[in-house]
Amino acid sequence: MPMTLSEKIIARAANRKTVSAGDIVVANADKLYIKDLRFSKKEDAKGLYGVLLEVLESMGKQNVWDGQKIVVNLDEQPPRTDRRSEGQDRARDFAREQRAILYGGEDGGIGHNVMVEHGHVLPGEFIVGGDSHTCTYGALGAFATGIGFTETVGVLATGQIWLKVPTAIRFDLTGTPGPCVVGKDIVLWVAGKIGYEGAINRTLEYAGPGVKEISIESRLTMCNMAVEMIAVNAIIPADERTAAFVREAGGGEFTPLSSDADARYVHIHAVNLGEIEPQVAAPEYPANAHPVGEFRGVKVHQGFIGTCTNGRIEDLRMAAGILHGRNVKPGVRLIITPASFMAYRLAEKEGLLKILQDAGATVTSSECGLCVRPSLAAGEVCVSSGNRNYRGRMGPKESSVFLSNAATVAASAVAGEITDPRDFV
Amino acid sequence: MSALTVRGRIWKFGDSIDCGNIDGVMGGVDADFKNRVKPGDILIAGRFFGMGASDEHAPRSLKEAGISGIVAESISNIFLRTLINIGLPAMECAGIANAVNDGDEIEVDYLGGSVRVLRSGRLLAGDRLPDFAVQILSKGGLMPYLKSGGQFK
């Protein structure tokens with residue numbers, strides 16, 4: 001029976017010859033990602049480790065299913081609340097006692113970036129993670145999806161998860177992206193075109209000759225925002241670029257997989273990359289996307305470049321390209337948070353951080369940063385390279401967030417209003 | 001009535017409510033709702049309920065407020081799974097938003113996948129939950145399910 005790439009990965013993880021959309025299966029996780037926040041007492045007074053130890057005890061076990069398949073990351077550096085500090089202490093206890101892999105400090109940054117940069121994601125793997133943006137890893141040809149706190153405990157205890165195999169839609173990409181058009185613009189354009197109804201609880205697969213024109217950084221952005229379309233996962237078959245990236249990251253051997261030619265999709269959409277302009281998603285939904293020109297002149301108080309969506313080296317290079325020899329408009333804040341210290345150090349080596357700082361941007365250490373804590377006053381507008389612009393996401397509900405690529409954020413911070421970055425190139 | 005049948009007064013919400021705005025008992029949509037909702041009430045939502053973050057304090061706030069069940073036009077995969085895993089029955093049911101008015105009393109059969117509107121007698125068919133979800137719900141959530149010897153087989 002023909003299968004999609006996602007179905008092949010699920011079938012392998014579920015020890016089945018084949019699966020098809022709608023099947024209920026039990027899959028064995030190849031990896032589990034957990035952010036430090038899950039270890040805090042934010043969601044449960046006992047904390048994740050406390051809840052886990054209770055479950056393990058009742059099952060007659062002392063340990064998780066396989067510590068070496070678990071990656072824990074400290075997403076917030078430094079921790080800003082005592083609760084978070086305590087959570088990070090518990091995360092360290094967990095990693096030590098359960099022999100899990102832990103990243104923090106100068107090895108760290110945002111967990112999803114750490115996962116791909118340190119070789120923890122291989123094409124063909126079945127990965128779940130205690131954060132909704134776990135779907136990012138589909139960019140390397142893995143099946144990856146986010147899970148909640150309780151389900152994370154379940155996977156820790158059993159190594160297994162039940163799931164309903166999602167129906168799939170495919171985007172056949174052709175052509176080459178134009179100037180200042182990257183993964184963010186492609187995914188916002190797609191979200192604007194198909195809307196939530198087209199993607200909810202489905203698999204999104206990006207395929208076709210256009211894929212080879214898209215950098216790994218941009219692919220990570222495209223798959224990262226699958227959850228913003230309410231999809232279960234997004235996936236891009238591994239190619240030479242993927243193999244080179246995984247090799248560089250220190251990942252192991254893998255067998256390339258791809259969808260069968262006659263695999264079933266509920267929709268196939270043709271996308272000509274050359275027709276996509278830089279996109280901006282207006283408040284309050286990521287799918288509220290339109291060409292940047294439609295928002296020209298909207299006054300901006302803050303620009304933010306960072307997050308697991310767009311804080312990678314490609315984004316920092318684009319921002320520096322715009323900001324070189326220019327200045328952030330007085331009165332506008334531009335905050336730049338490289339998503340990982342790997343990106344931070346590379347940007348430093350390339351001289352990008354100095355360009356950004358000379359232009360008046362504030363460069364911070366690597367973490368989730370302003371994506372997860374309030375920074376706007378009522379009535380203020382932020383243009384963000386992040387993923388979510390729901391009401392109240394970055395401040396009171398009277399503040400608003402527009403989403404774009406990093407070049408558009410930089411150009412808008414220079415002009416003090418939403419600006420087409422192509423005007424500055 | 002099965003153990004997975006709930007009956008109660010409904011509160012109706014709209015489309016596209018993300019996890020962040022659900023947090024604090026629908027606090028981002030209606031800050032006063034937490035003072036009006038009563039234990040046993042049922043929450044009705046439109047399309048794309050629970051989109052966005054996987055953080056569990058949002059669904060837990062609904063459970064802690066005593067909401068006995070959720071029915072929505074559509075629910076994000078992560079949010080629906082989390083509701084089931086914390087033992088709060090939830091179901092997708094196309095047409096529910098137009099079939100009920102705020103304050104109506106309904107009966108939801110999460111096992112059979114149906115909603116009965118008591119005022120009109122109208123019966124709507126929802127999406128039946130997978131067997132695993134039913135088993136987890138019948139134990140009160142994933143943690144009690146695993147603690148009582150439940151497995152994924």
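Residues numbered from 1 in each chain as written. Chains lettered and ligands numbered in written order. Predicted model: local features only at pLDDT ≥ 70, side-chain atom pairs only at ≥ 80, totals over all residues.

Q: I tried to follow the overall build of chain B on my own but got confused; where do I start?
A: If you tally the helices and strands in chain B, you get seven helices and seven strands. In sequence order, chain B lays out its α and β elements as β-α-α-β-α-β-α-β-α-β-β-β-α-α. Taking 2.2 N^0.38 as the reference for a compact globule, 153 residues should give roughly 15 Å; the C-alpha atoms of chain B span a radius of gyration of 14 Å, in line with that estimate. Expressed as a percentage of contacts within chain B between residues at least 6 apart in sequence, the contacts between residues at least 24 apart total 67%. (Helix = DSSP H or I, 4+ residues; strand = E, 2+ residues; numbered from the N terminus. Rg over C-alpha atoms; globule rule 2.2 N^0.38 Å. Contact = placed C-beta atoms within 7 Å.)

Q: I'm lost on helix H1 (residues 5-13) of chain A in this one. Help?
A: Counting along an α-helix, one turn takes 3.6 residues, and residues three or four places apart therefore face a common direction. Residues and elements named next belong to chain A. Across the nine residues of H1, eight count as buried, placing the element largely inside the fold. Listed as buried for H1 are Leu5, Ser6, Glu7, Lys8, Ile9, Ile10, Ala11 and Ala13. Buried residues belonging to H1 abut strand S1 (24-28), strand S5 (126-129), strand S6 (143-146), strand S8 (168-174), strand S9 (203-207) and strand S10 (233-235). Just past H1, the residue Asn15 takes up positive phi, approximately 55°. (Buried ≥ 20, exposed ≤ 12 C-beta atoms within 10 Å, placed from the backbone.)

Q: Sorry if this is basic, but what is going on with the interface of chain A and chain B here?
A: Accessible area lost upon the coming together of the parts is a frequently used measure of interface size. Contacts between the two partners involve 35 residues from chain A, matched on the other side by 32 residues from chain B. For the side of chain A that touches chain B, the elements supplying multiple residues, two or more each, are S1, helix H2 (47-58), helix H5 (149-158) and strand S7 (160-164) of chain A. Top element by residues in the side of chain A that touches chain B is H5 of chain A. It accounts for seven residues. For the side of chain A that touches chain B, the per-class residue count stands at 16 nonpolar, ten polar and nine charged. (Nonpolar A, V, L, I, M, F, W, Y, C, P; charged D, E, K, R; others polar.)

Q: Got a minute to help me understand the sheet that holds S9 of chain A in this structure?
A: Either a parallel or an antiparallel arrangement is found when strands of a sheet pair, and the pairing is made through backbone hydrogen bonds. Residues and elements named next belong to chain A. Read across the open sheet, the four strands follow the order S10-S9-S8-S11; overall the sheet is parallel. The outermost strands of the open sheet, each flanked by one partner alone, are S10 and strand S11 (267-272). Looking at each pair of strands side by side, their axes are set apart by 20° on average, direction ignored. Pairing analysis gives six bridges linking S8 to S11, with the strands arranged parallel. Pairing of Arg170 across the sheet is with Ile268, part of S11. (Pairing = 2+ DSSP bridges. Axes fitted to C-alpha atoms, helices over the stretch in contact; angles between N-to-C directions.)

Q: Any chance you could explain the nonpolar core here in plain terms?
A: Soluble globular proteins: nonpolar side chains tend toward being buried together. With 198 residues, the main nonpolar core has Ile10, Met229, Ala319, Leu356 and Ala410 of chain A together with Ile44 and Val71 of chain B as its most contacted residues. Setting aside residues up to four positions removed in sequence, Met229 of chain A forms contacts with Ala191, Tyr196, Ala199, Leu204 and Ala287 of chain A. (Core = buried A, V, L, I, M, F, W, Y, C linked by C-beta atoms within 7 Å.)

Q: What is the right way to read the packing of H2 of chain A against H5 of chain A from this model?
A: A packed helix pair is summarised by two numbers, namely the angle formed by the two axes and the spacing between the axes. Residue and element names in this part refer to chain A. Direction vectors running N to C along H2 and H5 enclose 45°, while the axes themselves pass 10 Å from each other. The orientation of H2 with respect to H5, classified from their angle, is oblique. Where H2 crosses over H5, the two elements pack in a sense that is right-handed. Two secondary-structure elements touch here, H2 through Leu48, Val51, Leu52, Val55 and Leu56 and H5 through Phe149, Thr152, Val153, Leu156 and Ala157. Looking at the contact of H2 with H5 residue by residue, the class counts come to nine nonpolar, one polar and no charged. (Parallel < 35°, antiparallel > 145°, perpendicular 65-115°, else oblique. Left-handed = near helix turned anticlockwise from the far one by under 90°.)

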